[in-house]
Amino acid sequence: MDWHQIWENATKPDNIPIAAMLFLVPFYTWYGLRQAFHTDRLIAELEADPQKAKTHHRKIFPFKPGWEREVHTWPYLMRIEFLAAVIVTIILMIWSITLNAPLEEPANPNLTPNESRAPWYFVGLQEMLVYFDPWIAGVLMPTLIIIGLMVIPYIDTNPLGNGYYTFRQRRIAILGFCFGFLVLWVGMVMVGTFIRGPGWIWFWPGETWDHNALVFEVNRDLPDLVGITSTPGKFIFGGLVVGLYYLATGYALHRLMSITEFHRKIYRRLSLLQYLTIQAFAITMIGLPVKMLLRHLPRAFGLPAIKYIWVTPWFNV
Amino acid sequence: MPEENNQQAKKGLTALLGEAQEKAKALKEKALEEARALQEPEKTQLYRSMFRVKHDDTPRSRALGVLTNVFFHLHPAKINRDAVRYSFTWGMGGITFYLFLALTITGVLLMFYYHPTKVQAFRDILYLEHDVPFGKLLRNMHRWAAHLMIITVWLHMFRVFLTGSYKRPREFNWCIGVILMVLTLLLSFTGYLLPDDQLGFWAVTVGTNMARATPLLGHEGPFGPQLGMTPYNDVRFALLGGSIVDSNALLRAYIWHCVAIPLIASVFMGVHFWRVRKDGGISGPAPVMLESEIKEPKGPVPVVLRPSGMQ
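Within each chain, residue numbers correspond to sequence positions counted from 1 in written order. Chain labels run from A onward and ligand labels from 1 onward, assigned in the order the entries are written. Residues qualify for local features only when their pLDDT is at least 70, as the model is predicted, and side-chain atom pairs are given and counted only at 80 or more; totals for whole chains, interfaces and linings, by contrast, use all residues. Neither water nor hydrogens contribute to the side-chain values; these are computed over all heavy atoms in the structure.

Undergrad: How should I be thinking about the confidence of the model for chain B in this particular structure?
TA: Any segment with low pLDDT has predicted coordinates that should not be analysed in fine detail. pLDDT expresses, on a scale from 0 to 100, how confident the predictor is about each individual residue. Taken as a whole, chain B shows an average pLDDT of 89; of its residues, 94% reach a score of 70 or greater. Across residues 307-311 of chain B, confidence stays below pLDDT 50; counting only partners more than four residues off in sequence or on other chains, it has seven contacts. The contact rule is simple, with two residues in contact once any of their heavy atoms fall within 4.5 Å.

This is how it looks when you write it as structure tokens:
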């Protein structure tokens, strides 16, 4: 166990925000979900007792008849904002006094460092480059992430859970977003920062980052593994496999979307366009972890890892 | 005769002195009165000209205090009593905006000491760190606030998702928020190159190399070469103002970072905050809705294209 290496990675000035996120993100996930489960208990109570549902104020916060439903912005909100500004300023001051912003040698195009790292918030995309070609990892995926985030309000036809924390009423939405944000985005930033060492080689936490390490990876294309060698053959075979993946995952998602009576109710509210949009984005998003597993899983069993599935003269997937 | 004259003169003098004394007394009174009036500065003309309304301890003037102030009137006069709870909002949107302001102030101060040229950029950073009073603190604050802003933007988005606040009528504001998040990342990324050190240079080299692979528009992307893309005319060339990260790239990064993106982001922020108010203020904490209360959609009109009045 190389504790020094762990310490070095965690305290590199530009890694401090990521080390902070290691605590902040789980904390706020817990903080939000705790309120969601609290609300869920209230929802269960109200559903079991229609009489109570008519009279209850329907919030997890205490409320007594006669209390004002609204409070004055001044001072009740603005004092909090002021306090928040003061606290953030203090944190920023202390952080800036104790820790210097990194500055390396002057830029030198003739001296390539062994770890050319993207800024930490883009390290997740850099990690994606291991599994996909740059046009997918660096251009297509970021574009799809941005568009995918923007279509969320238009494809989520579930009218419940508008303005309060809940898990029970929005299971698929919450799990889907948490998977995308916590696992694929924040998780990949963590992997790219703390696991990937020099040469973008995988070092488990505690392993020494060896600048001379070499890994001879045996990566094969799927068509080669099954013995297809001709160019048109690879094109057709790869296209079929990718198409099959879309159909199979789409079917699984379809089953998930109609798993209970409640989910079928939401499903019936979807227009065809909304349904297809959900499927397209969800299947593509799941493609990332699938491709990661295809790379890592065979290696664990001593088999050649899979590099490309669809090989064509113009692009590879 | 001269004695009489003398006496008269004396009388005149006493009268004059007395009069002067009285005037002085009156002046003193007046001065004291004015000084006493200053003990209530909110009644002075100067104060009233600035603040326009009385600030009595009444609900009305509490509301006016917010509504009639150009900086505060972003807020409504009153809000949902539970919406001030930290546990509901996490305060991340407000903190993000505060960090943007802090970054603007530190950024403007940094601009006084920085030249976006290959010869001077790196030296300016050294100068800032070693010679400018509080220069190091200034640079540190700018960098750490930028990192913090990215985290708070992400957490803000996470909270808005968890409370379902992107749902009707706030769909469009969520989209504006996504654009603002992208702009925040771009602001941070363009700033990364400016110190002109190895860290920024190679991070931007790695980052913009992605643009080579843009489908159709990059010279290494699918169908790029077929469309006549070369390193000297593709999208990466447009971003860098050249085929390598050099002086033009530095100048472009500088202008995007200090002028263009902050301006664009400010416009989107204005719309974002305005829509928060127009869409009914902060989304909650709203009373929970039960499954049994869902109304079935009417007719075969696709939900996404349905007029807003219909459920």
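Once the structure has been displayed, the description carries forward.
Undergrad: I'm lost on the packing of helix α2 (residues 16-48) of chain A against helix α7 (residues 135-162) of chain B in this one. Help?
TA: In a pair of packed helices, the angle between the axes and the distance between the axes together describe the arrangement. α7(B) packs onto α2(A) with a crossing angle of 15° between their chain directions and a minimal axis gap of 11 Å. With respect to their mutual orientation, α2(A) and α7(B) come out roughly parallel. In this structure, α2(A) meets α7(B) at a crossing whose hand is right-handed. Seen from α2(A), the contacting residues are A:P17, A:M21, A:L24, A:V25, A:Y28, A:T29 and A:G32; seen from α7(B), they are B:H147, B:I151, B:W154, B:L155, B:F158 and B:L162. Residue classes follow a fixed rule: Ala, Val, Leu, Ile, Met, Phe, Trp, Tyr, Cys and Pro count as nonpolar, while Asp, Glu, Lys and Arg count as charged, and any other residue, Gly among them, counts as polar. Residues of the contact of α2(A) with α7(B), tallied by class, amount to 10 nonpolar, three polar and no charged. Every axis in this analysis is a line fitted to C-alpha atoms, fitted for helices over the stretch in contact. Angles between the N-to-C directions lie between 0 and 180 degrees. Labels follow the DSSP assignment, with helices taken as runs of H or I lasting at least four residues and strands as runs of E lasting at least two, numbered in each case from the N terminus. Note on angle classes: values under 35 degrees are labelled roughly parallel, values over 145 roughly antiparallel, values of 65 to 115 roughly perpendicular, and the remainder oblique. Working rule for handedness: look at the near helix, and if it is turned counterclockwise from the far one by less than a right angle, call the crossing left-handed; if clockwise, right-handed.

Undergrad: What am I meant to see in the packing of aromatic side chains here?
TA: Each pair of aromatic rings is reported with the distance of its centres and the angle of its planes. Two aromatic rings from Phe, Tyr or Trp, using only the six-membered ring of Trp, form a pair when their centres are within 6.5 Å; if the ring planes differ by under 30 degrees the pair is stacked, by over 60 it is edge-to-face, and anything between is tilted. Counted by the stated rule, this structure contains 40 aromatic pairs over all chains. When the ring of A:W30 is compared with that of A:Y31, the centres are 6.4 Å apart and the planes differ by 25°; the resulting orientation is stacked. Ring centres of A:W185 and B:W154 lie 5.8 Å apart, and the angle between their planes is 80°; this geometry places the pair in the edge-to-face category. Remark: B:W154 occurs in helix α7 and A:W185 occurs in helix α8 (residues 171-195); the pair is interchain, linking two chains. The rule for a charge over a ring is simple: NZ of Lys or CZ of Arg within 6 Å of the ring centre, and within 35 degrees of the ring normal. We note A:R170 situated over the ring of B:F161; from NZ or CZ to the ring centre the distance is 5.0 Å.

Undergrad: Before we go on, may I ask you to explain the interface of chain A and chain B in this structure?
TA: As a measure of interface size, the accessible area lost when the parts come together is often cited. Listed as interface residues are 105 residues of chain A and, on the opposing side, 99 residues of chain B. Notably, a salt bridge pairs A:E68 with B:K78, separated by 3.9 Å at the nearest N-O pair. Any pair of N or O atoms that falls within 3.5 Å is considered a polar contact. Within protein, one atom must be able to donate a hydrogen and the other to accept it, and sequence-neighbouring residues count only if both atoms are side-chain atoms. Where chain A packs against chain B, one counts 53 residue pairs in polar contact (both at pLDDT 80 or more). When contributions to the side of chain A that touches chain B are tallied by element, the ones reaching two or more residues are α2, β1 (70-72), α4 (73-76), α5 (78-98), α7 (134-155), α8 and α11 (261-268) of chain A. Per-element tally for the side of chain A that touches chain B: the top contributor is α2(A), with 13 residues. Salt bridge, as used here, is a side-chain nitrogen of Lys or Arg placed within 4 Å of a carboxyl oxygen of Asp or Glu.

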